[in-house]
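Chain and residue survey
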Amino acid sequence: MNDNKKEQILALARRTLDTEAQALRKMEETLGDSFVEAVESILANRGKLIAAANSPPRWLRPGLRASSSTPARPFTATWA
């Protein structure tokens, strides 16, 4: 692999990590009572928690970019 290809891969990785870090910082702002309730519910139950998204991840949906206008994906959680 040539140096140019390595730099492209590393640049993409850095952009991806920066995007994810921004998303986590935004998510931090939304923490509230519903998060505490979810954690308490998880801790109160025994067994395995299965969480499933109702839509495919962004990388499977070409052209979709994360933004403040992108709605959160709904999900379901079930104890097994």
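Throughout this document, residue positions are counted from 1 along each chain, in the order its sequence is written. Reporting in this predicted model follows two pLDDT cut-offs: at least 70 for local features of residues, and 80 or more for side-chain atom pairs to be given and counted; totals over whole chains, interfaces and linings ignore these cut-offs and use all residues. Each side-chain value is derived from all of the structure's non-hydrogen atoms; neither hydrogens nor water enter the calculation.

Examining the overall build of the protein
Secondary structure is summarised from DSSP: a helix means a run of H or I of at least four residues, a strand means a run of E of at least two, and numbering begins at the N terminus for each. Scanning the protein from terminus to terminus reveals 2 helices and 2 strands. Along its sequence from the N terminus, the protein presents helices and strands in the succession α-α-β-β. The buried label goes to any residue with under 20% of its type's maximum accessible area, the exposed label to any with over 50%, and the partly exposed label to all in between, with areas taken from a 1.4 Å probe on protein chains only. Every one of the 80 residues in the protein was classed for burial, and the buried ones make up 1%. Pairs at least 24 apart in sequence give 49% of the contacts found in the protein among residues at least 6 apart. Two residues qualify as a contact provided that any one of their heavy atoms is within 4.5 Å of a heavy atom in the partner residue.

Topic: a nonpolar patch on the surface
For patch detection, residues must exceed 30% relative accessible area and be free of salt bridges, and they are connected within 9 Å for like charges or within 5 Å for nonpolar side chains (Val, Leu, Ile, Met, Phe, Trp, Tyr). A 1.4 Å probe and the Shrake-Rupley method give the accessible areas. Residues count as covered only by the protein chains that appear here. Take a side-chain nitrogen of Lys or Arg and a carboxyl oxygen of Asp or Glu: if they are within 4 Å of each other, that pair is a salt bridge. On the surface, Leu31, Phe35, Val36, Val39 and Leu43 cluster together into a nonpolar patch covering about 470 Å² of accessible area. Turning to its location among the elements, Leu31 is positioned in the loop between α1 (3–30) and α2 (33–44).

Here we look at α1
Multiplying 1.5 Å by the residue count of a helix minus one yields the expected span of that helix. For α1, with 28 residues, the first-to-last C-alpha span of 41 Å sits near the 40 Å given by 1.5 Å per residue. Under this definition, polar contacts are N or O atom pairs within 3.5 Å; protein pairs additionally need one hydrogen-donor-capable and one acceptor-capable atom, and for neighbouring residues in sequence, both atoms have to be side-chain atoms. Among the residues of α1, the N-terminal cap falls to Asn2, whose side-chain oxygen and the backbone nitrogen of Asn4 are separated by 3.1 Å.

Concerning the environment of Thr30
Within the fold, Thr30 resides in helix α1. Here Thr30 falls in the exposed class, since its relative accessible area comes to 59%. Within the structure, the side chain of Thr30 is placed 2.7 Å from the backbone oxygen of Met27, a separation counted as a polar contact.

Thoughts on the confidence of the model for the protein
Residue-level confidence of the predictor is what pLDDT reports, using numbers from 0 through 100. Overall, the predicted model of the protein reaches an average pLDDT of 77, with 64% of residues at or above 70. The lowest-confidence element of the protein is strand β2 (residues 75–79), averaging 60 in pLDDT; the highest-confidence one is α1, averaging 92.

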